[in-house]
Amino acid sequence: AIEKQLSNLGFETRSYKDLRVAEVNGLRQQMESRLKRNSVLFFYYAGHGVQIDGRNYLLPIDANLSDGDQVPQESLYLGDVLHAIEKMRPKIAVVILDACRDNPFKKNPKNSAGAKQGLARVDPPTSTVVFYATRPGGTAQDGDQDNGVFTKALLQEMVKPAQPLEVVFRRVSTSVFNSTKSEQEPWI
């Protein structure tokens, strides 16, 4: 739904659905080769994300969730995404993460020492904004329809013409906060 909306708004899009561990390196390389200096980048991720030792990882669908030590090798490290953005210096980059879920390692004490609930706060490069589906350390609700609560609100705001980014983010945050009865608070 986000890809379709971005295409309708004139963005050139590339979609990766149900990414597998074997495809993560290829995604990193394609992203780095596609980023252009002075462009506008919109990076959107919906799925499972985890924080381990203060680092955020976006998990492929076949990641080994029984062993937290495997996550760095099997996942897309958010730091790699931000580093690629910093290196290519787009005019503006918007990174949206609908990926703050419960820690999948909490049932196994051996694997949970460095794992925390939700995603960690990051310091983005210049001209980059990171918009989380919920506050650092929080979890995001999946919703009861095709899209989660956060993505549903984002889609509703994206269709409104000529809004500053700050207004879109504020409206999405208010909508999510209200619809989840203050349990989920998006964070920039």
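The coordinates are above.
Quick summary incoming for the structure in this document. As the structure is a computational prediction, the values presented were derived from the model and not from experiment.

We now examine the pattern of salt bridges. Going through the model one piece at a time under the given rule, you end up with six salt bridges. Taking the shortest distance from any N to any O, the salt bridge between Glu157 and Arg171 comes out at 3.9 Å. Here Glu157 is found in helix 6 (residues 149-158), whereas its partner Arg171 is found in helix 7 (residues 165-179), with 14 residues between them in sequence. The structure contains a network of salt bridges with shared partners spanning Glu157, Lys160 and Arg171.

This part takes up the pairing of strand 6 (residues 128-132). The buried fraction of strand 6 amounts to five of the five residues, a majority that puts the element mostly inside the structure. Burial of the side chains of strand 6 extends over both faces: Thr128, Val130 and Tyr132 are buried on one face and Val129 and Phe131 on the other. Here strand 4 (residues 92-100) pairs with strand 6 via five bridges, running parallel. Residue pairing for strand 6: Ala93 is matched across the bridge by Thr128.

For the rest of this paragraph, the subject is the packing of aromatic side chains. Applying the stated criterion across every chain, the model contains five aromatic pairs. With centroids separated by 5.1 Å and ring planes inclined at 65°, the aromatic side chains of Phe131 and Phe150 adopt a geometry described as edge-to-face. Here Phe131, found in strand 6, pairs with Phe150, found in helix 6; they are 19 residues apart in sequence, far enough to count as distant. As far as burial versus exposure is concerned, Phe131 and Phe150 are alike and both buried. Each member of the aromatic cluster is reached from another via a ring pair, and the members are Phe131, Phe150 and Phe169.

So, about helix 6. Taking burial as the measure, the ten residues of helix 6 include eight buried ones, the bulk of the element. Tucked inside the fold, the buried residues of helix 6 contact helix 1 (2-8), strand 1 (40-52), strand 4, strand 6 and helix 7.

Another point: the environment of Gly47. Among the secondary structure elements, Gly47 is positioned in strand 1. Put simply, Gly47 and Leu97 are 50 residues apart on the chain and 8.5 Å apart in space, counted from C-alpha to C-alpha.

What counts and what doesn't
Residues numbered from 1 in each chain as written. Predicted model: local features only at pLDDT ≥ 70, side-chain atom pairs only at ≥ 80, totals over all residues. Heavy atoms only, no water. Salt bridge = Lys/Arg side-chain N within 4 Å of Asp/Glu carboxyl O. Helix = DSSP H or I, 4+ residues; strand = E, 2+ residues; numbered from the N terminus. Buried < 20%, exposed > 50% of the residue type's maximum accessible area, 1.4 Å probe, protein only. Pairing = 2+ DSSP bridges. Phe/Tyr/Trp six-rings, centres within 6.5 Å; stacked < 30°, edge-to-face > 60°. Contact = heavy atoms within 4.5 Å.

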